[in-house]
Structures are given as structure tokens and as C-alpha cells.
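Notes for the structure review
Each chain, written out:
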2 protein chains.
Amino acid sequence: MRSEIERYLPRVVARLVEELIKLPGIGPKSASRLAYYLLHAPEEQVRDLAESLLEMKERIVLCSRCFNITEQDPCPICADENRDQSRICVVEQPLDVIALERTDRYRGLYHVLHGALSPVEGIGPEDLHIGELFTRVRLQPVEEIILATNPNLEGDATAMYLSQQLIPLGVRVTRLAHGLPMGGDLEYADEITLSRALEGRREM
Amino acid sequence: MRSEIERYLPRVVARLVEELIKLPGIGPKSASRLAYYLLHAPEEQVRDLAESLLEMKERIVLCSRCFNITEQDPCPICADENRDQSRICVVEQPLDVIALERTDRYRGLYHVLHGALSPVEGIGPEDLHIGELFTRVRLQPVEEIILATNPNLEGDATAMYLSQQLIPLGVRVTRLAHGLPMGGDLEYADEITLSRALEGRREM
């Protein structure tokens, strides 16, 4: 495909198409379509898109406490003294924080692992922000850890591993109720399903 | 949706999501997914994407003869003296040129209209590069004009309009054979269908 693209497209368009193909869910056809759309789009729109890409990469850091993405460290949730400091909800990705915040039923803190354990993909505890979670629990009194990893194989394995490590530390460990549809992604759950799952969380 | 995005996302991420939503075929969900992918992507990849966007916008011009997109004017096809200067294939978009070049059955020149006539959308002849096509035909001896607009309502209407204007100028006007599936887009046709359509082109 690459040689074909280079043969028929102006070089700078081919370069953009190649960069777009690297993005998830974008194949050669949609990359070409996007490139041609951007070719006809107002100069300002394309400049805004390019600048927002660079700006995001420059400004976004991980919160040094919860590892959520943020522009200031600590992040607004960790810095909010009105939030329940005794509860930590453990999620795989920053998007999961957004899904949970949308329910308006949780007022505790978060911990973002940035992935799940996966022997198949060679992802072990040292590849995730798991050690930092244990440190948090040891340094600061925590009443409850809510495991909100995805309701799939890797998420369940991660929850199992975390509960085995955390329960001996004397902390209450719960898991989101399996009102969540199995095999899916947490971020796709609707607010009501997520709210039910929060309310029905159970001891591990 | 916008206010929700702003509420839960860091501002710079929300800005990128908003820019991505403006792109065709990208909704709020896939825009978030793309933004988070780019957040985790290597800095160099994001920088390359941003630069290729700006570079394309800076470097690409329309060929002053055929109005195809190009980095140098005239474009490589117009500048190629080995191509058959007596034939002009009229297409709606630059992507259509690529689709036709891929067949390897056409060695003439092109003329890119950058759209099709559409009374519904208020697109008339003056909104397309139609006047420039008539000028080309008047200034330079042309044996045949091949109308390769899309096989749909607007493309057919455009072909009809062009043939009515061009035939009185004494030029042979043909249309791609309707081996093309109706209602579709020319750029989605496979090479064989497009080759057949080229071979079976008929007088209008």
C-alpha cells in the first residue's frame, strides 16, 4: 500500500496519509479521505488541529499521586479536599475516570494503572502503576479500595492480583458489581449501569 | 456533549477532541479514543503528524492547468510530455485521478472540477473549475474529453451539462461506461471495473 500511495499522491499528502494510518481505526481509505478533507479545510482549522496536538503533548503530565492525566500536578481530583480521601477507585485508563465521574455517584479518589495485567502481551505488575498504589495505601490511611478494572479477562486477573496484595495490608477491597456486561470495555457502559455497579460493589 | 467534554477532560485534551470531532466520520467517542491514543503515543509520532498537517497546507497548490493538487505547478501529469495531450479526462476530485491512474489504462491529461453541479446544495458551474476547462479546450487542440464524473445524480447532471457545452465546440465527448455501479463513488471502484468503464466509454 505504501508504494502505491507514494506513486500517485504528492509527497506531502502521502506523508500525512502515512501518519494518519498509524492511528487506531484508520485504514488507508479513511486516511486518504481525511487528508483530502484537510486539504480543502480552512487553513485555520488545520493549524488549530496541529497546534492542539503539540499543545497536548507539551502540557499533559501524569498526576504524581493517582497517575491520571492532568495539566497541573496534583490533578484537580487529588487536590480537591472535599473529596473522600479514604476511598481509592482503581481503574485501567484515564477514560475510565471520566466514565465514573459522569455517574456523579463517587466522591473518592482514583488510581490509574494505565493498563491491565496480561501474560499474553507480557504485561506484568512492574509495567503498570501498581507499586505506587501499594505505596499510597501504606503512606495514607485508606478505608476502601474499589477495583474498577474492566469486566474482562485481563481486568478480572488484575483485580484478583490487587486484592491478594491489598487485603493483607488490612484494607477493605471491593469490586464493581457485575451488573457490567462481560467482555466489554468499562468506558462504553452507560451511566445507569455504571451507577448500579458502583452501588452493588461487593467484598473480595 | 461539548460541555461534558470540558467538564471531565484536561483543557488541552478537550481542545484536541473538539478539533478531531470536526473531521468527517469521527464522532465524540472515536475522537476521545484518538486523543488518548495520541496522549500515549511517542512524542515524535505526534510531532510528525502535526508537522505533516502544516507542511501539506503550506506546500500543496492546485495545478494551474488541470487543478489537481500538486507540490509543483504544472503538476507532474501536465508536465509529462509523454502523455497524450489530445485527451482530457474530467473528474470531480483529486482522489479520482489516483483511482484512474491505478488502472494504468489511461495516458491522457486530467481536469479536476473540485465538485459536481448540485442545485440542492447551490453548487453551480461558477463554483467549479468548469470555465477553465472550456478555456483549455479553446486554447489547445483536444480530440476527446472523457467525462469521468461520479455515476450518481450530481455526476450525471454535471456530465450532461459539460457535454451540452463542449459538443458545440467540435470536440468528441465521451462518458465512462456504466459498468460502474450506480449510486456509488468513483474512488471506491476496483481497478477492473474502472478499466472496463474506460474501455467501454461511449459517445454522448
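All values derive from a computational prediction rather than experimental measurement. All residue numbers refer to positions counted from 1 along the written sequence of the respective chain. Labels follow written order: the first chain is A, the first ligand is 1, and so on. It should be noted that, the model being predicted, local features are given only for residues of pLDDT at least 70 and side-chain atom pairs only at 80 or more, the latter also being counted only at that level, while totals for whole chains, interfaces and linings use all residues. Heavy atoms from the whole structure form the basis of all side-chain values; hydrogens and water molecules are not counted.

1. Some remarks on the interface of chain A and chain B
Threshold: The contact criterion used is simple: two residues touch if any of their non-hydrogen atoms lie within 4.5 Å. Accessible area that two parts lose when put together, with a 1.4 Å probe and added across both, is what the buried area reports. Salt bridges, as used here, are contacts in which a Lys or Arg side-chain nitrogen is within 4 Å of a carboxyl oxygen on Asp or Glu. Whenever a nitrogen or oxygen atom comes within 3.5 Å of another N or O atom, the pair is scored as a polar contact, on the condition that within protein one atom can donate a hydrogen and the other can accept it, and that pairs from neighbouring residues in sequence are kept only if both atoms are in side chains. A helix here means a DSSP run of H or I that spans at least four residues, while a strand means a run of E at least two residues long, and both kinds are numbered starting from the N terminus.
The interface of chain A with chain B comprises 59 residues on the first partner and 59 residues on the second. Buried surface at the junction of chain A and chain B, summed over both partners, amounts to about 5800 Å²; 64% is from carbon and sulfur atoms. Along the contact surface separating chain A from chain B lie ten salt bridges. Residue arginine 15 of chain A is joined to glutamate 55 of chain B by a salt bridge in which the shortest nitrogen-to-oxygen separation is 3.1 Å. Viewed at the interface, chain B and chain A are joined by 18 residue pairs in polar contact (both at pLDDT 80 or more). Every element with two or more residues in the side of chain A that touches chain B is listed here: α1 (2-8), α2 (11-21), α3 (28-40), α4 (43-59), β2 (69-70) and α6 (94-103) of chain A.

2. Some thoughts on the packing of aromatic side chains
Any two aromatic rings considered together are summarised by their centre-to-centre distance and by the angle between their planes. Residue and element names in this part refer to chain A. We apply this condition: Paired rings are identified among Phe, Tyr and Trp, the last through its six-membered ring, by centres lying within 6.5 Å, and are further divided according to the angle between planes into stacked (under 30 degrees), edge-to-face (over 60) and tilted (the rest). Note on classification: 1.4 Å probe, protein chains only; a residue is buried when its accessible area is under 20% of the maximum for its type, exposed when over 50%, partly exposed between these limits.
Scanning the model with the defined rule gives two aromatic pairs over all chains in all. A ring pair is formed by tyrosine 106 and tyrosine 110, whose centres lie 5.2 Å apart and whose planes are at 65 degrees; its orientation type is edge-to-face. For tyrosine 106, a relative accessible area of 5% translates into the label buried.

3. Looking at the relation of the copies chain A and chain B
Just so we agree on the cut-off: A least-squares fit on C-alpha atoms brings the copies together, and the residues used are those whose pLDDT is at least 70 in both copies.
Least-squares fitting of chain A to chain B yields an RMSD of 0.1 Å, with the superposition described by an axial translation of 0.0 Å and a rotation of 180 degrees. One copy is carried onto the other by what is essentially a two-fold rotation axis. Proximity to the rotation axis, assessed at the C-alpha, singles out alanine 50 of chain A in chain A; its C-alpha lies 2.2 Å from the axis. By residue overlap, the copies meet face to face through one surface: 100% of the interface positions of chain A are interface positions in chain B.

4. Digging into empty space enclosed by the protein
The following threshold applies: Of the grid points, spaced at 1 Å and generated over the protein atoms alone, those admitting a 1.4 Å probe that cannot get out make up cavities, while open sets with protein on both sides within 12 Å along at least five of seven lines make up pockets; any residue with an atom within 4 Å of a point is treated as lining. Grid points are joined across faces, edges and corners, and a volume is the space filled by probe spheres set on the points. Basically, the charged four are Asp, Glu, Lys and Arg, the nonpolar ten are Ala, Val, Leu, Ile, Met, Phe, Trp, Tyr, Cys and Pro, and anything else, Gly included, counts as polar.
Evaluated as defined, the whole model comprises one cavity of 30 Å³ or more. Taken as a whole, the largest cavity spans an internal volume of roughly 100 Å³. Lining the largest cavity are 14 residues; nearest its centre among them are Leu20, Leu23 and Leu49 of chain A together with Leu20 and Leu23 of chain B. Contributing elements (two or more residues each) for the lining of the largest cavity: α3 and α4 of chain A together with α3 (28-40) and α4 (43-59) of chain B. Looking at the lining of the largest cavity residue by residue, the class counts come to 14 nonpolar, no polar and no charged.

5. Quick notes on the pattern of salt bridges
Where charged atoms from two side chains of opposite charge come close, those side chains can pair. Applying the stated criterion across every chain yields a total of 30 salt bridges over all chains. Across the salt bridge formed by lysine 22 of chain A and glutamate 19 of chain A, the nearest N and O atoms sit 3.2 Å from each other. Classification of lysine 22 of chain A by relative accessible area gives partly exposed; the value is 40%. The class of glutamate 19 of chain A is buried, set by a relative accessible area of 7%. Taking the shortest distance from any N to any O, the salt bridge between arginine 11 of chain B and glutamate 71 of chain A comes out at 3.7 Å. Within this pair, whereas arginine 11 of chain B is found in helix α2 (residues 11-21), its partner glutamate 71 of chain A is found in the loop between β2 and α5 (76-79), the two belonging to separate chains. Under the relative-accessibility criterion, arginine 11 of chain B is labelled partly exposed at 47%. Looking at glutamate 71 of chain A, the relative accessible area reads 27%, which means it is partly exposed. Each member of the salt-bridge network shares a partner with another, and the members are Arg11 and Arg15 of chain A together with Asp48, Glu51, Glu55, Arg59 and Glu71 of chain B.

6. Here we look at the pairing of strand β5 (residues 144-147) of chain B
Residues and elements named next belong to chain B. Inclusion rule: Think of it this way: DSSP has to see at least two bridges between two strands before they count as a pair.
Of the two faces of β5, the one holding Glu144 and Ile146 and the one holding Ile145 and Leu147 are both buried throughout. Sheet topology note: the strand β3 (residues 84-91)/β5 ladder contains four bridges and is parallel. For arginine 87, the partnering residue across the bridge sits in β5 and is glutamate 144. Across four bridges, β5 lies against strand β6 (residues 172-175) in parallel orientation.

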